[in-house]
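# Reading the structure
Chain by chain, the residues run as shown.
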Amino acid sequence: MKILFRLIEAFLEMLYPRNLTCILCNNESEDELCDLCKGSIQFNIEPVCESCGRMIMKSSYMICHHCKGIRRYYDRGLSVAVYDELSKKMIFNLKYHDKRYISHTIAKYMLDFIIKIDLDIDFDVIVPVPLHQERYYQRGYNQAELIAKHLSKLSGLPMIRDLVRRKNTKPLYTLSAEERSTVLAQAFELKTPIVGNIILVDDIFTTGSTLNMCSKVLKSNGCGYILVITFAVGE
């Protein structure tokens, strides 16, 4: 599985060469992130919390204090980096400034991290966290879907858009985890049952309420193992 992912990624890099400027500082670079910017991002390294992907102090701890006591419907959570100034800039430029090409960079780092963690799970499909139609039309795209599309191309796994958001909830960033869960109740539905193991994709992990509600719907419709993957997680 690892070898197949690497071969597909190498082929796509030859087929679709990237711009030779850093996506953060715009300086010349042989990669999408220059060495300086790449070295300034705080990437998560093991041991990490199995629920949210935050780094933890001891490998004997499976869950961080943020996630302790919270019921999660997914099986494992991973996040590539800490939510700091640079990762925030990447996410905001993708999400609010129409810099859609950043989704490729994020997907590439996600795939590298999944391979590095080596879960020994054969995944079947990739599912993006959906946007409500109204918000989709306002923004013009769903950033999670853009990331998932690139992750699909890089990994060779199909992306499925059957998970939909039927309730247009108010912005969640000012709400607590409990308030978010209340607001998100009955917000998602699955148009067609998905069989197999799923990689559920979003840009950022804050409280995990959105990802958890999506996972609850997926699990209740009979899917298998769910890996949640985000680019950044709050400290």
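In this text, all values refer to a predicted model and were calculated from it rather than measured experimentally.

## As for the overall build of the protein
Regarding its fold elements, the protein presents 8 helices and 7 strands. For the protein, the residues scored as buried account for 51% of the 235 residues in total. Sequence-distant contacts in the protein: of pairs separated by 6 or more residues, those separated by 24 or more amount to 73%. Accessible area for the protein stands at about 12000 Å²; split by element, carbon and sulfur atoms hold 52% of it.

## Concerning the nonpolar core
The biggest cluster of nonpolar side chains holds 41 residues, and the ones touching the most others in it are L33, M90, M110, I199, V201 and F231. For this core, the elements supplying multiple residues, two or more each, are β1 (76-82), α3 (85-96), α4 (102-117), α6 (143-155), β5 (198-201) and β7 (226-233). If one sorts the elements of this core by residue count, α4 sits on top with 10 residues. In this structure, M90 is in contact with I23, L24, L33, I41, I102, T105, I106 and F231, ignoring residues within four places of it in sequence. In terms of nonpolar packing, the next biggest core, distinct from the first, is built from 27 residues, L190, I194, I198 and L218 among them.

## Observations regarding the pairing of β1
Summarising burial for β1: 7 of the 7 residues are buried, a large majority. Strand direction decides the pairing type here: β1 and β7, joined by 6 bridges, are parallel. Opposite A81, over in β7, you have A232 as the bridge partner.

## What about the packing of α4 against α6?
Two elements in contact, α4 and α6, have axes separated by 8 Å at closest approach and are oriented at 55 degrees. It follows from the interaxial angle that α4 and α6 lie oblique. Both α4 and α6 take part in a crossing whose hand is right-handed. Mapping the contact onto sequence places S103, H104, I106, A107, K108, M110 and L111 in α4 and L146, I147, H150, L151, L154 and S155 in α6. Tallied by class, residues from the contact of α4 with α6 come to 8 nonpolar, 4 polar and 1 charged.

Conventions we followed
- Residues numbered from 1 in each chain as written.
- Predicted model: local features only at pLDDT ≥ 70, side-chain atom pairs only at ≥ 80, totals over all residues.
- Heavy atoms only, no water.
- Helix = DSSP H or I, 4+ residues; strand = E, 2+ residues; numbered from the N terminus.
- Buried < 20%, exposed > 50% of the residue type's maximum accessible area, 1.4 Å probe, protein only.
- Contact = heavy atoms within 4.5 Å.
- Areas by Shrake-Rupley, 256 points an atom, 1.4 Å probe, with all protein chains shown as cover.
- Core = buried A, V, L, I, M, F, W, Y, C linked by side-chain atoms within 4.5 Å.
- Pairing = 2+ DSSP bridges.
- Axes fitted to C-alpha atoms, helices over the stretch in contact; angles between N-to-C directions.
- Parallel < 35°, antiparallel > 145°, perpendicular 65-115°, else oblique.
- Left-handed = near helix turned anticlockwise from the far one by under 90°.
- Nonpolar A, V, L, I, M, F, W, Y, C, P; charged D, E, K, R; others polar.

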